[in-house]
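# Structure at a glance
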Amino acid sequence: MPNQSEENVRRQSIFDMGIRRGLLLALGALISCNVTAQVQQGAELLGQMASSVRALDYQGSLVYQHAGRIDTLRVFHAGGTREQERLISLNGPRNEVIRNGNNVTCIQADDSAIVYTSTSGRGLLPLVPEAATSRLDEHYTIRLAGSDRVAGYAADIVEVSPRDGFRYGYRLWLEKETRLLLRSVVMDQGKRQIEQFMFVSLDIGKTPAATDLIPRQRELLTTTAAPADEVNLRGPPTWSAHSPPAGFTLRSARRSAASEAGAQHLVYSDGLASVSVYVESMESTPDLPVTLANRGTLNIYSFSRDSWRFTVLGDVPAATVTAIAESLKANAASRPPP
């Protein structure tokens, strides 16, 4: 039978264990709350970033590292209900892109120009994630990763890491006051850098002059119109990906206004990354080989089936475009014509 001293020691030990257990539970709850708060704050910052990129006036110069090269670019952006922006290359051939609302003009160094209508709503800055949903934490880990300075501005760093191999991660530098994106690094699941852009000089809030938003030497341009505008499908799409990677859902289904029945443009997205599927008929029916091409963050998977050509592309890993391409099937309710 234990003496009184031993009993006191036993009771003290039980008491200490209870305190430690309570402290561990409290610490675990505190960590959980902190992680949840960081996820919510990170998601809010991404939403603010997406808004500021479109709404603010700004102009500046940036470097863009991609596909084994580094480009220096000049951007002018006027926000508002109808965005206007112009992106000019400062090294290599003098190319530029002008966007006025949904109307986009691409000008090459030889003064040839292609004009088309964009329905994506995406701006001209590279490597800007969509941030189109508040449920990003289902497929990404979002955390605040400190602070830094970019182009003279104080910035908060948001790290967005993929939970699987079907999407890229981002490290984003957001200006502390306006939440404008100052720098973006795209990483694979192993956090290896694939592409990045960074402003080296920037004036936030400075409205571009009217002459900064129009093409150079407009009277010399040889302009070619791109294919007819796209329109929403009236019924269900003829084709769809029946088993895309988790989180990628159909966001839009469109076709060229002048396209034949069965041709369509589908967009799948997880709220941050998006994949386009183009289906077009072929005049002949050769057996085209399956091809998988890569250019930096962009992966392109193409193949043919019967009399149709399929092209699946997006700023996502090769595994993602492959999975979507291999699950494309004609819907029973709207079979394509033979």
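Data block above holds the structure.
Residues numbered from 1 in each chain as written. Predicted model: local features only at pLDDT ≥ 70, side-chain atom pairs only at ≥ 80, totals over all residues. Heavy atoms only, no water.

A few words on the pattern of salt bridges. In total, this model carries 13 salt bridges according to the counting rule given. For Arg 179, the salt bridge identified is with Asp 156, shortest N-O distance 2.6 Å. Of this pair, Arg 179 sits in the loop between β9 (169-175) and β10 (181-187) while Asp 156 sits in strand β8 (residues 153-162); the two residues are 23 residues apart in sequence, bridging distant segments of the chain. Each member of the pair, Arg 179 together with Asp 156, is buried. Between Glu 159 and Arg 171 there is a salt bridge, with the nearest N and O atoms lying 2.3 Å from each other. Taken together, the residues Glu 159 in strand β8 and Arg 171 in strand β9 connect sequence positions 12 residues apart. Residue classification places Glu 159 among the buried positions, given a relative accessible area of 5%. On the basis of relative accessible area, Arg 171 is assigned to the partly exposed category, the value being 22%. Among the charged side chains, a network of salt bridges with common partners joins Arg 143, Glu 159, Arg 171 and Lys 191. (Salt bridge = Lys/Arg side-chain N within 4 Å of Asp/Glu carboxyl O. Helix = DSSP H or I, 4+ residues; strand = E, 2+ residues; numbered from the N terminus. Buried < 20%, exposed > 50% of the residue type's maximum accessible area, 1.4 Å probe, protein only.)

So, on to the nonpolar core. Counting residues in each nonpolar core, the largest one holds 62 residues, and the members touching the most others are Leu 46, Met 49, Val 160, Leu 172, Leu 181, Val 277 and Val 312. Beyond its immediate stretch of four places on either side in the chain, Val 312 contacts Val 275, Ser 276, Val 277, Asn 299, Ile 300, Tyr 301, Val 321, Ile 324, Ala 325 and Leu 328. (Core = buried A, V, L, I, M, F, W, Y, C linked by side-chain atoms within 4.5 Å. Contact = heavy atoms within 4.5 Å.)

What follows covers the packing of aromatic side chains. For the structure shown, the criterion picks out 5 aromatic pairs. On the basis of an interplanar angle of 70° and a centroid distance of 5.9 Å, the ring pair of Tyr 301 and Phe 303 is categorised as edge-to-face. For Tyr 301, a relative accessible area of 10% gives the class buried. Ring-pair connections join several aromatic residues into one group, and the members of that group are Trp 239, Tyr 301, Phe 303, Trp 308 and Phe 310. Above the ring of Trp 173, the side-chain terminus of Arg 183 is found at 4.3 Å from the ring centroid. The ring of Phe 310 carries the charged tip of Arg 305 above its face, separated from the ring centre by 5.3 Å. (Phe/Tyr/Trp six-rings, centres within 6.5 Å; stacked < 30°, edge-to-face > 60°. Lys NZ or Arg CZ within 6 Å of the ring centre and 35° of its normal.)

Considering the arrangement of structural elements, one finds Asn 331 in the segment after β21 (328-330). The exposure class of Asn 331 is buried, given its relative accessible area of 17%. Within the structure, Asn 331 has its side chain in polar contact with the backbone oxygen of Pro 237 (distance 2.6 Å). Look past the residues within four positions of Asn 331 in its chain and what remains in contact with it is Pro 237, Thr 238, Trp 239, Ser 240 and His 242. (Polar contact = N/O pair within 3.5 Å; in protein donor to acceptor, adjacent residues only side chain to side chain.)

Our next topic: the pairing of strand β5 (residues 103-107). Remember that side chains alternate between the two faces of the sheet whenever the strand is regular. The buried fraction of β5 amounts to 4 of the 5 residues, a majority that puts the element mostly inside the structure. Bridge count between strand β4 (residues 96-100) and β5: 5 bridges; the pairing is antiparallel. Note on β5: the bridge partner recorded for Arg 99 is Val 104. Hairpin connection, β4 to β5: the antiparallel pair is bridged by 2 residues, and Gly 101 has positive phi, about 65°. Pairing geometry for β5 and strand β6 (residues 112-117), over 5 bridges, is antiparallel. Bridge assignment links Asn 103 to a residue of β6, and that residue is Thr 117. Between β5 and β6, which pair antiparallel in sequence order, lie 4 residues; one of them, Asp 111, sits at a positive phi of approximately 70°. (Pairing = 2+ DSSP bridges.)

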